[in-house]
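Given next are the chains, with one letter for each unit.
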Number of protein chains: 2
Amino acid sequence: MKKNDVIAIFSQNMKLIRIKKEMTQEELSFKSGLHRNYISDTERGRRNISLKAAEKIAEGLEVDLKELFLAID
Amino acid sequence: MKKNDVIAIFSQNMKLIRIKKEMTQEELSFKSGLHRNYISDTERGRRNISLKAAEKIAEGLEVDLKELFLAID
């Protein structure tokens, strides 16, 4: 993965936070109002999502959106 | 503006940082590789841009992407 690749950073943070919060993709789908396949694809880094979709995911995870952009070592 | 509206936060941060760096929209367009109209529309909060486009803007402004998501008082 490119270290500064926004898709890779976002998708990894999203997955890590979801797992830390013991949330399933199904639950995140329900809380964010996004389709489960969309959640799954986004976690796999397969989508270049919009800012509004990113915000919905942050709301579903109950974190500040900026936390999803923090670089991972 | 809704305080937690990602588009409003992003567009305002983008404009503030560009002006602080004494950069014109034309220069930001050149540095980010995005069309000048796209830069202008995004600064006006008229576009729900993708994560990759947001990253290009951050690169053009020479800031960390997360700085563009910091809430403004």
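Scope of this entry: the structure provided in the associated data block. What you see is a predicted model; the values in this text were computed from it and never measured. (Residues numbered from 1 in each chain as written. Chains lettered and ligands numbered in written order. Predicted model: local features only at pLDDT ≥ 70, side-chain atom pairs only at ≥ 80, totals over all residues. Heavy atoms only, no water.)

**Examining the overall build of chain A**
For clarity, the threshold we go by: By the criteria applied, helices consist of DSSP H or I runs no shorter than four residues and strands consist of E runs no shorter than two, each listed in order from the N terminus. As a reference, a globule follows 2.2 Å times the number of residues to the power 0.38, and the radius of gyration itself is taken over C-alpha atoms. Using a 1.4 Å probe on the protein chains alone, a residue whose accessible area is under 20% of its type maximum counts as buried, one over 50% counts as exposed, and one in between counts as partly exposed. Contacts: residue pairs with any heavy atoms within 4.5 Å of one another. Note on areas: these come from Shrake-Rupley sampling with a 1.4 Å probe, and a residue is covered only by the protein chains present in the view.
If you tally the helices and strands in chain A, you get four helices and zero strands. Seen in sequence order, chain A has helices and strands lined up from the N terminus as α-α-α-α. Computed over its C-alpha atoms, the radius of gyration of chain A comes to 11 Å, within 12% of the 11 Å expected for a compact globule of 73 residues. The principal-axis extents of the C-alpha atoms in chain A amount to approximately 30 × 20 × 20 Å. Looking at chain A as a whole, 48% of its 73 residues are labelled buried. Of all intrachain contacts in chain A linking residues separated by at least 6 positions in sequence, the fraction that spans at least 24 positions is 58%. A total accessible area of about 4,300 Å² is found for chain A, and carbon and sulfur atoms account for 47% of it.

**A few points about the interface of chain A and chain B**
The criterion, for reference: Two parts lose some accessible area (1.4 Å probe) when they are put together, and adding that loss for both gives the buried area. The term salt bridge refers to a pairing of a side-chain nitrogen on Lys or Arg with a carboxyl oxygen on Asp or Glu at a separation within 4 Å. Polar contacts here mean pairs of N or O atoms no more than 3.5 Å apart (in protein, one a potential hydrogen donor and the other a potential acceptor; neighbouring residues in sequence count only if both atoms are side-chain atoms).
Contacts between chain A and chain B engage 17 residues on the former and 17 residues on the latter. Around 1,500 Å² of area is buried between chain A and chain B when both sides are counted, 71% of it from carbon and sulfur atoms. Put simply, chain A and chain B have zero salt bridges between them. For the interface between chain A and chain B, the tally reads 10 residue pairs in polar contact (both at pLDDT 80 or more).

**Some points on the packing of helix α4 (residues 51-61) of chain A against helix α1 (residues 6-20) of chain B**
Here is the rule we go by: Lines fitted to C-alpha atoms define the axes here, with helix axes fitted over just the stretch in contact, and angles between the N-to-C directions of these axes take values from 0 to 180 degrees. Roughly parallel means an angle under 35 degrees; roughly antiparallel means over 145; roughly perpendicular covers 65 to 115; every other angle is labelled oblique. For this scheme, ten residues count as nonpolar: Ala, Val, Leu, Ile, Met, Phe, Trp, Tyr, Cys and Pro. Four count as charged, namely Asp, Glu, Lys and Arg, and the remainder, Gly too, count as polar.
In contact at an axis separation of 9 Å, α4 of chain A and α1 of chain B are set at 120° when each is read in the N-to-C sense. What the angle tells us is that α4 of chain A and α1 of chain B run oblique. Listed contacts from α1 of chain B to L51, K52 and E55 of chain A of α4 of chain A are V6, I7 and F10 of chain B. For the contact of α4 of chain A with α1 of chain B, the per-class residue count stands at four nonpolar, no polar and two charged.

**Observations concerning the packing of aromatic side chains**
We count it as follows: Side-chain rings of Phe, Tyr and Trp (the six-membered ring for Trp) are treated as a pair once their centres are within 6.5 Å; stacked means planes under 30 degrees apart, edge-to-face means over 60, and tilted covers the remaining angles.
Inspection of every chain in the model, using the stated rule, returns three aromatic pairs over all chains. Look at F10 of chain A and F69 of chain A: their rings are 5.6 Å apart centre to centre, the planes differ by 50°, and that puts the pair in the tilted class. With F10 of chain A in helix α1 (residues 6-20) and F69 of chain A in the segment after α4, this residue pair connects regions lying 59 residues apart in the sequence. Taken together through their ring pairs, the aromatic side chains of F10 and F69 of chain A together with F10 and F69 of chain B make up a single cluster.

**Notes on helix α3 (residues 36-43) of chain A**
All names here are of chain A. When we look at burial in α3, the residues that qualify are Y38, I39, S40, T42 and E43. Buried residues along α3 sit in contact with α1, α2 (25-32) and α4. Phi for G45, located one or two positions after α3, is positive at around 75°.

**Re the packing of α2 of chain A against α3 of chain A**
Residue and element names in this part refer to chain A. Where we set the bar: Two helices cross in a left-handed way if the nearer one is turned anticlockwise from the farther one by less than a right angle. They cross in a right-handed way if the turn is clockwise.
Contact geometry for α2 and α3: axes closest at 8 Å, N-to-C directions at 115°. The angle between α2 and α3 falls in the class roughly perpendicular. Like other packed secondary-structure pairs, α2 and α3 cross with a definite hand, here right-handed. Contacts between α2 and α3 involve Q25, E26, L28, S29 and S32 from the former and R36, I39, S40 and E43 from the latter. Tallied by class, residues from the contact of α2 with α3 come to two nonpolar, four polar and three charged.

Read these as geometric descriptors, not functional statements.
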